[in-house]
2 protein chains.
Amino acid sequence: MASSASVLRLLLGRPLANREHNERKLSPFEAVPAMGLDALGSSSYGPEAALTILIPLGAAGLAYIGFVMVPIIALLALLYVSYRQTVRAYPVNGGGYNVAKQNLGPIASLVAAAALMVDYVLNVAVGISAGVGALTSAVPALHPYTLELCLAILIVVTVLNLRGTLDAGRVLAVPTYVFVASAIAVLAIGVYKTIVAGGHPSPVVAPAPLAQASTTAAAATWLLLRSFAAGCTAMTGVEAVSDGVSAFREPVVKNAHVTLGMICAMLAVLLAGIAYLCHAYGIGAMDQTQDGYQSVVSQVTGAVVGRGWLYYVVVGTVLIVLCLSANTSFVDFPRLCRMVAQDNYLPRAFALAGRRLVFSVGILYLALTSGLLLVIFAGITDRLIPLFAIGAFTTFTISQTGLVVHWRRELGHSKSNGEKRQHRIRLVLNAAGALGTGLALVVILLAKFTEGAWIVVLVIPCVIVLLKTVHSYYAELDSALRQPGPLDVRKSLPPIVVVATEGWNRLSDKALEFALSLLPDVIAVHLSKLKGPDQESDDRALRRRWAEEVERPARAARLKPPRLIVVPASYRRIEVPLLQLVDRLRNENPQRTVAVLVPEVVKRSWWQHLLHTHRARRLRKALRKYGGPGMVVMNIPWYLDPPRIEEALTPEERRATPPVRNIRISRTRRRRGAQSRTTRMRTE
Amino acid sequence: MASSASVLRLLLGRPLANREHNERKLSPFEAVPAMGLDALGSSSYGPEAALTILIPLGAAGLAYIGFVMVPIIALLALLYVSYRQTVRAYPVNGGGYNVAKQNLGPIASLVAAAALMVDYVLNVAVGISAGVGALTSAVPALHPYTLELCLAILIVVTVLNLRGTLDAGRVLAVPTYVFVASAIAVLAIGVYKTIVAGGHPSPVVAPAPLAQASTTAAAATWLLLRSFAAGCTAMTGVEAVSDGVSAFREPVVKNAHVTLGMICAMLAVLLAGIAYLCHAYGIGAMDQTQDGYQSVVSQVTGAVVGRGWLYYVVVGTVLIVLCLSANTSFVDFPRLCRMVAQDNYLPRAFALAGRRLVFSVGILYLALTSGLLLVIFAGITDRLIPLFAIGAFTTFTISQTGLVVHWRRELGHSKSNGEKRQHRIRLVLNAAGALGTGLALVVILLAKFTEGAWIVVLVIPCVIVLLKTVHSYYAELDSALRQPGPLDVRKSLPPIVVVATEGWNRLSDKALEFALSLLPDVIAVHLSKLKGPDQESDDRALRRRWAEEVERPARAARLKPPRLIVVPASYRRIEVPLLQLVDRLRNENPQRTVAVLVPEVVKRSWWQHLLHTHRARRLRKALRKYGGPGMVVMNIPWYLDPPRIEEALTPEERRATPPVRNIRISRTRRRRGAQSRTTRMRTE
């Protein structure tokens, strides 16, 4: 136990006290890496996903990349405008779940929550697998270890998030800005070279030859739709700013707007630049399952600047940015789960802060499910992409629709005509956003359905059913537990005390003494597993000892001597006769509680558990599970070497001042019952 | 839970009641299979083990088989005579552990116990692997599955023993007697053919050609000693009769003598016959690790009668007898462990009768360790043989030495001269037995030491140290727990009651009501995980509700209102401030017990465990482990749907009549303390 605690301490750091919780407020410069990584990272796999769909068209397919990328960038612009409104309307928490809850009711909010959860899990898997894809492009020797690398990165990201250190934007800033700067530099050089070469630049490192066209132009429209759907994955993560508005410095809304603008602008430049250069250099996507695979970003950079230092900066930072884009999920998923858990739709453990004040259960759950996805899909980005973006676009649509409802309501409340006009414009903008993302969602669903999107279409309703099941359990529990008004002290009758033991020694003596100090009606139960003649002789010896060592001193102390009952366990399960006795006592004395005292040797090391038979534990467990509401289990611990309180505390807790001071217990006051008799005994 | 219970029921049968324990007494006819299987089964691998050592001598080695087998049969005769004495001297329990305990003291008895335990484990592994060896000789296609077959047979034998059904000799009788009869028939035919052919019979199925001699005759003496040591494995199991004398019908000693005689005679005939025919037909051992392996019994039978029905009867019954010889261990090992556990040298769980009245822990432990051995040695008999027989011969020697001591003592007590002479003869016979087995043990140790016997020489002392460690723990525990005389009722002061909870609802109300029904000094502890301004507003609301809903009704009922303490858990571990509070209360009131009430929602299905945060369980556990001797934990269970007692019972327990009748609790009697106040309240 001590060693597992010290391993935890090494991995996760010392536990943090509640007062150490202190969310640092972000400036836009810090917020872009903290919130934009997901979006910026997707610039590396979005275009690639679109181009992968176009592989069957061969070289001809590249001519169509513009048809795919222009609507995507237009949609991005629409999203930017829409989310500006969201930030303005919900400057505290503009996440899809909350917006839907406020405006569209619980069902819509659960759809948003389920869709977001699914997409957060996918984002981790896609981000890490795309990052590893970038790495194996640069170092092909690592290609056979794709899955192992993915899982190793997942574990590192999980541990870092359990430590809670990556929350800060500053840590993320360096790789993010280096990536954006170097990538834009490469794109700029490429565009310049293309223009200089009159539209047909010669690559420094030749990209892989394009496949032969294997489909006719007639199928191209459908391919273009599918390519658009795949490219939409580049837009996931744009909603992150609206989720975390509360983390911004004052002026909150302005800072959020600046951040959102920067993210969208950088993303648009990256998408447009990559698409343009792919066309100019004749670069297509390659099959990730094949050896010698090169990511599109790697091919573009190689073609433009060769495999010099800039190439390795771009590829290196892409790897880092993608892995860190998984981090966006690790920040947002546990927060979303906490909100949902606080609304009683998820187990309450999701709302508990762990040793480092992060929501550890959510983090671990995210790591487990995304790890499972990585294993199932063997760490191949292309296989995960078809499942991706559906959740994000569902949330986009629900969130924008919620804002339409919001502005309509505001419109009703607005007083001046100027305000009315403003609200009307906002309503139209968000309606356009809802329509655009809704349309995109339909296209994505249709285009990707048979490729894997059906999985998500199945999973989201299942998640919703699960959430509602959890909610109805808590509703039942809460209605059963709800405070019924003032305490009812009148119904308290004194309990009947049953002392249960298998052998009579100092342990059971202690239990009996405690029982007699509480109440007069004490029944001692000797649980016997013996049989036949052994039992009878044993019984007789026991009764003789009982008369001498218990009844006599009790009578001498003017206490009612406890009764001894011997019950055999015919099937060696000593809990059974005890349960039957409790049941009988309860039925015969319905107004009284039955308190069962179980004396127990406390085991403090693992090897002690091997040497004891755990009968007390079995008794406790059975009594708790089947004893019924009129019963109370009392545990009398007995220690071979008594523990010190310090053993239970972590070093931090030992240093902290104990929270409780000044408890005065009336020392002179005595109970009037058995106690008064005891006091009398003493003075006699 | 229900399904795992029904799987157990299917595998092991219904639980047996104590009264169903009824050991059937055995006649010699039943006792030979029940106790002699181990010995008879070893006739098939003993000669083979001896011959395996002689392989390097090639055909010349066969000439020496007589030099090896004659001393073995002589030693067997000596053992027969010695154990006749043991049975006479200890007609209840003549096992090596008991004889050593009675005559030589605890150390010798522990050596005997450890040696026996090691040999029982080895016997299971050797028996099963030799049985599978016999099977793969007959069906060579099964050879690659040697280990799998071994483990499958082990599992079947284990389950049958957990059911407790194989205990009866009658089940074992058929294969045992068929094996002995058919094997002796084959041997008789073989001997007849040899004599008719003038000592050089021609085999029906030619045995495998013998290997070339690869060693010189000079090395032969050492090889012969090693061969003798290997052949001694044939004698293991002879002690079984002395272990189980109590199982015989009257007249016990005579029946035991007859059984012992039958077993030894049959074993001697088998050993002599196999050795003779091996010599006559030129049959040597083969390497079990090679494909095409044939056991010696298989080769002899094939050579004598060909591969007809008799061959398959012999090989088939050898397989069964060997697997069943493992069963002898399964019967004796748990009984030995139980005796050792009753003397506090093994964990007490070894002395507990399971659902079928067998000592399940011992059976499972034996299955696990022998399974591990089979896996480590890949189910190859030859690799296991060098470890075998050391334990048995150690026990033989200790047991015979113990009897020498016994007869010396008897000699001192004997009155008539006739008795004296008798005892003197017995003493000499047992001394000869001790000397013979002791010498054999030395030879075995020397001959096998480097081949694996060193493992056993290391393991036995380790086992002894383990046994003594267990004993000293129990000794410490028992001396700490020993009954100190009459109950000390005077020191019982009423406890301070602490009600611990995180939220106030019907659950905590129930706990408070129970606390107030017990005692006046009630402290309610609100364990808080909140921080900063949240906590303060929460605290204020709580105190307001407390004043209104708890203090007011308590005062109205003329009870001392319970105090409310709010303690924050700085590190979210709510058990810490509670432990600190208990510690403080204890230090300030050293004469009073602190009773901590923990209300708890009882979870009755697995999914409920996922939905609750288990704080009550963590509280309970921490309090029990670190609360110290002056503290008692009280569990107030709360049920969403109250359980019925029937759910805790098996069908058999439901049908049985409950063991407790006639418990009268004085219904009119009231406690004088809080209760009298309550009653007053009512009448007002």
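Details of the structure are given in the entry above.
Residues numbered from 1 in each chain as written. Chains lettered and ligands numbered in written order. Predicted model: local features only at pLDDT ≥ 70, side-chain atom pairs only at ≥ 80, totals over all residues.

Peer 1: I'd like a description of the nonpolar core, backed by residues and values.
Peer 2: One finds A113, I128, C232, L267, C278, V300 and V340 of chain B to be the most contacted residues of the largest nonpolar core, which totals 164 residues. With 22 residues, helix α6 (residues 106-138) of chain B is the largest single contributor of residues to this core. In terms of nonpolar packing, the next biggest core, distinct from the first, is built from 162 residues, L322, Y345, L357 and Y365 of chain A among them. (Core = buried A, V, L, I, M, F, W, Y, C linked by C-beta atoms within 7 Å. Buried ≥ 20, exposed ≤ 12 C-beta atoms within 10 Å, placed from the backbone. Helix = DSSP H or I, 4+ residues; strand = E, 2+ residues; numbered from the N terminus.)

Peer 1: Tell me what's going on with the sheet that holds strand β1 (residues 496-501) of chain B, and back it up with residues and numbers.
Peer 2: One open sheet accounts for ten strands, arranged β3(A)-β2(A)-β1(A)-β4(A)-β5(A)-β5(B)-β4(B)-β1(B)-β2(B)-β3(B); its pairing is mixed. Either end of the sheet is taken by a strand with one partner, and the two such strands are β3 (563-568) of chain A together with β3 (563-568) of chain B. Strand-to-strand twist in this sheet, taken as the mean axis angle between neighbours without regard to direction, amounts to 25°. (Pairing = 2+ DSSP bridges. Axes fitted to C-alpha atoms, helices over the stretch in contact; angles between N-to-C directions.)

Peer 1: Outline unusual backbone geometry, listing residues and values.
Peer 2: Residues and elements named next belong to chain A. That bond from E250 to P251 is cis: its omega, -10°, falls within 30 degrees of zero. As for its placement among the helices and strands, P251 is situated in the loop between α10 (240-243) and α11 (252-281). At N344, a position not held by glycine, the phi torsion is positive, near 70°. Among the secondary structure elements, N344 is positioned in the loop between α13 (309-342) and α14 (360-376).

Peer 1: Can you explain the packing of helix α2 (residues 28-54) of chain B against helix α9 (residues 220-231) of chain B? Please cite residues and give values.
Peer 2: All names here are of chain B. One way to put it is that α2 packs onto α9 with a least axis distance of 7 Å and a crossing angle of 160°. The orientation of α2 relative to α9 falls into the category roughly antiparallel. Where α2 crosses over α9, the handedness of that crossing is right-handed. Facing G46, P47, A49, A50, T52, I53 and L54 of α2, the residues of α9 in contact are L223, R226, S227, A230 and G231. (Parallel < 35°, antiparallel > 145°, perpendicular 65-115°, else oblique. Left-handed = near helix turned anticlockwise from the far one by under 90°. Contact = placed C-beta atoms within 7 Å.)

Peer 1: Explain the relation of the copies chain A and chain B to me, and be specific about the residues and the numbers.
Peer 2: For these two chains of identical sequence, chain A goes onto chain B by a turn of 180° and a shift of 0.1 Å along the axis, with RMSD 0.1 Å. Put plainly, the chains are arranged around a two-fold axis. Minimal C-alpha distance to the rotation axis in chain A is attained by M634 of chain A, lying at 2.1 Å. Interface overlap between copies is the fraction of interface residues in one copy that are interface residues in the other; for chain A against chain B it reaches 100%, indicating a shared surface. (Least-squares fit on C-alpha atoms with pLDDT ≥ 70 in both.)

Keep in mind these values describe shape, not function.
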